[in-house]
Amino acid sequence: MLLALCGLVMLGLVREETGTEAFLVGLGLAVLPAPAVVLAFRWLGRAHPLPWGTHAFVLAWGACAGALIALVANSFVAVWLADAWAHPVDPNTLAAFAVAPVVEESAKATALLLVLVFRGRLIRGPVDAVVLTGLTATGFAFTENILYLAKAFGSDRDEGTGAAITVATFFIRAVFSPFAHPLFTCMTGLGVGLALLSRRRVGRVLLPVAGLLLAMGMHAAWNGSTVLGPLGFPLVYVTIMIPALGFTVWLVLWHRQRELRTVRETLPRYALAGWLSPYEPLALGSLRSRRIAAEFASYHGIRADARRLRLYAAAATRLALLRSDAERGRRTPDFAHRERAVLDHLWRDRALARPAFAHSWRLAPPRAPHLLPAQPADAAAPGGWYAPPAWWPPAPPRGYGQGPGYGHGFGHGAPPPHGRAQAPYGGRPAPYGYGGPAPYVPGQPPYAAVPAGIPTGTGQQPTGEDARHDPWAPPRE
């Protein structure tokens, strides 16, 4: 409600300053680049997608609260400098160069700070932080573009220049540099994300500050390009903006692949304990396999099944990152309860996920040779895919009826793995044990830890007395 009120006040101020007609033109033109930038950040964060509500909050903060704070503060400082500044330098230029970067980057960084305070568990590293700060800056740039484009349209109307100023402003802000504000604020996100991964207190304190200062510096250089003459904008664009954009995208993609690698390396132990099918750990560590599984679920079910499968993949990623943090000695409060909650989520949707990921395994075998034993040269399939080791279960055969891999993905009539009965694909999952999940008992080892009796990396399951008393195995039905 407060953000909506800020948005209404901001739009009212812009309309009062530029007029209704110019405001509507600026609004229509500012909308054009925004969806592409939003989708780009959603694509960057698809390995560990955050809730839509969080993305909507940071977008609204940037477009409403952040823009209003920056407009009021910049206007106040510009008026104060005009009255008190006696230097030949234009006070408006000084405000744009020295004041606006500090005010605007601080206002945009506040959104990430609020998420850290109230929903800090959502942010697992640089990728999540960059996505959130980028979306915040995208909302901010949208509102700022309304103001600049509306002023340009008003100048064209007053000076009788047709649409020259409006077109030039649109191409500079929406075509050549729609990523400018997001890029500045992503520096803050990188600093915060790297601080979350740091094990030293000095790094956790200095990295966010360094990221915020770098964002302000890049913003100041961008605004200051106007005082360097006609070559100022191309010079800053080529020497600063493009290299910074390329490096940031590369770094985010590298960290995203690192998260997927963590998924592939961590989840097999849950498969050994029976929580996941043998095909899921590597399939969940591949974005292509996830996409194929979601398409399979949507084709054989309904659109909501594809969304449930994406939530399943996000939960599995969260589980892998949580487990990895605990194993590396990072502080993870109430680890066992959080792990159990994610496992309950995965277990409820297993009837939907297992056939879908078995299908994606068959169509796109995940490429993860670092997880497999050394194979002879003739064991690699065409295209560089490595054949799984001897202990790994075979790929599921084609089923009968409604397409390959239908049912449980193990062929028509074949029993599901581990001897557990499951509901048909698309139907209601079988209940969790007898009467719901077993309560967590404080003092026990981590819920899904692999007992010492299970040989790691052999694909064997506990048998006999060990299986009956295994506290880490999923409940039997």
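Residues numbered from 1 in each chain as written. Predicted model: local features only at pLDDT ≥ 70, side-chain atom pairs only at ≥ 80, totals over all residues. Heavy atoms only, no water.

(A) Inspection of the overall build of the chain at higher detail. Broken down by element type, the chain carries 17 helices and 0 strands. Across the 477 residues of the chain, 49% fall into the buried class. Taking contacts inside the chain between residues at least 6 apart in sequence as the whole, the part at least 24 apart equals 75%. Surface exposure of the chain reaches about 23,200 Å², of which carbon and sulfur atoms provide 66%. (Helix = DSSP H or I, 4+ residues; strand = E, 2+ residues; numbered from the N terminus. Buried < 20%, exposed > 50% of the residue type's maximum accessible area, 1.4 Å probe, protein only. Contact = heavy atoms within 4.5 Å. Areas by Shrake-Rupley, 256 points an atom, 1.4 Å probe, with all protein chains shown as cover.)

(B) Molecular detail of the confidence of the model for the chain. Per-chain confidence: the chain averages 76 in pLDDT, with 74% of residues scoring 70 or above. Note that residues 369–477 has pLDDT below 50 and, in this model, 178 contacts with residues that lie over four places away or in other chains. (pLDDT = per-residue confidence, 0-100.)

(C) Structural view of the nonpolar core. Formed by 59 residues in total, the largest nonpolar core has its most connected members in Phe-41, Leu-132, Leu-183, Trp-222 and Met-241. Among the elements that line this core, the one with the most residues is helix 4 (residues 52–84), at 11 residues. Non-local contacts of Leu-132, meaning those with residues more than four positions away in its chain, are made with Leu-50, Thr-54, His-55, Val-58, Leu-112, Val-115 and Ile-123. Judged by nonpolar contacts, the second largest core, of 29 residues, contains Ala-283, Ala-306, Ala-316 and Ala-356. (Core = buried A, V, L, I, M, F, W, Y, C linked by side-chain atoms within 4.5 Å.)

(D) Fine view of the pattern of salt bridges. What the rule picks out here adds up to 15 salt bridges. One salt bridge in this structure joins Glu-280 and Arg-354, with 3.7 Å as the shortest N-O distance. Of this pair, Glu-280 sits in helix 12 (residues 280–284) while Arg-354 is found in helix 16 (residues 350–363), placing the two residues 74 residues apart along the sequence. The class for Glu-280 is buried, based on a relative accessible area of 0%. One salt-bridge network, in which partners are shared between bridges, spans Arg-269, Arg-323, Glu-327 and Glu-339. (Salt bridge = Lys/Arg side-chain N within 4 Å of Asp/Glu carboxyl O.)

(E) Highlighting helix 13 (residues 287–300). Relative to the 20 Å expected for 14 residues at 1.5 Å per residue, helix 13 spans 20 Å between its end C-alpha atoms, a close match to the ideal helical length. All buried positions along helix 13 are accounted for by Leu-287, Ser-289, Arg-290, Ile-292, Ala-293, Ala-294, Phe-296, Ala-297 and His-300. Buried residues along helix 13 sit in contact with helix 10 (232–266), helix 12, helix 14 (303–327) and helix 16. (Expected span 1.5 Å × (residues − 1).)

(F) Structural detail: the packing of aromatic side chains. All told, the structure shown has 10 aromatic pairs when counted by the stated rule. A ring pair is formed by Trp-222 and Phe-233, whose centres lie 5.2 Å apart and whose planes are at 65°; its orientation type is edge-to-face. Of this pair, Trp-222 sits in helix 9 (residues 201–224) while Phe-233 sits in helix 10; the two residues are 11 residues apart in sequence, bridging distant segments of the chain. Exposure remark for Trp-222: the relative accessible area of 13% places this residue in the buried category. Exposure remark for Phe-233: the relative accessible area of 25% places this residue in the partly exposed category. With 6.1 Å between their ring centres and 35° between their planes, Tyr-312 and Phe-357 make a pair best called tilted. Here the residue Tyr-312 occupies a position in helix 14, and Phe-357 occupies one in helix 16, the gap between them amounting to 45 residues. Grouping residues by exposure puts Tyr-312 and Phe-357 together as buried. Pairwise contacts between aromatic rings join Phe-179, Phe-184, Trp-222, Phe-233 and Tyr-237 into one cluster. Taking NZ or CZ as reference, Arg-42 lies 3.7 Å from the ring centre of Trp-52, over its face. (Phe/Tyr/Trp six-rings, centres within 6.5 Å; stacked < 30°, edge-to-face > 60°. Lys NZ or Arg CZ within 6 Å of the ring centre and 35° of its normal.)

(G) Up close: the packing of helix 13 against helix 16. Helix 16 packs onto helix 13 with a crossing angle of 125° between their chain directions and a minimal axis gap of 8 Å. Between helix 13 and helix 16, the angle falls in the class oblique. Relative to helix 16, helix 13 is oriented so that their crossing is right-handed. From helix 13, Ser-289, Arg-290, Ile-292, Ala-293, Phe-296 and Ala-297 reach across to helix 16, where they touch Leu-352, Pro-355, Ala-356, Phe-357, His-359, Ser-360 and Leu-363. Of the residues belonging to the contact of helix 13 with helix 16, the class tally is 9 nonpolar, 3 polar and 1 charged. (Axes fitted to C-alpha atoms, helices over the stretch in contact; angles between N-to-C directions. Parallel < 35°, antiparallel > 145°, perpendicular 65-115°, else oblique. Left-handed = near helix turned anticlockwise from the far one by under 90°. Nonpolar A, V, L, I, M, F, W, Y, C, P; charged D, E, K, R; others polar.)

(H) Structural context of a nonpolar patch on the surface. There is a patch of nonpolar side chains on the surface, built from Leu-2, Leu-5, Val-9 and Leu-13 and spanning about 360 Å² of accessible area. As for its position among the elements, Leu-13 is in helix 1 (residues 2–18). Take Leu-13: its relative accessible area is 33%, and that puts it in the partly exposed class. (Patch = residues over 30% accessible without salt bridge, like charges linked within 9 Å, V, L, I, M, F, W, Y side chains within 5 Å.)

(I) Expanded view of the environment of Gly-203. By the element assignment, Gly-203 lies in helix 9. On the basis of relative accessible area, Gly-203 is assigned to the buried category, the value being 16%. Residues Gly-203 and Gly-191, 12 residues apart in the sequence, show an inter-C-alpha distance of 9.5 Å. When sequence neighbours within four positions are dropped, the list of residues in contact with Gly-203 reads Ala-195, Ser-198 and Pro-208.

(J) View of the environment of Pro-355. On the secondary structure map, Pro-355 appears in helix 16. Taking the relative accessible area as the measure of exposure, Pro-355 reaches 1% and is therefore buried. Taking C-alpha positions, Pro-355 is 8.7 Å from Ala-297, a pair spaced 58 residues apart along the chain.

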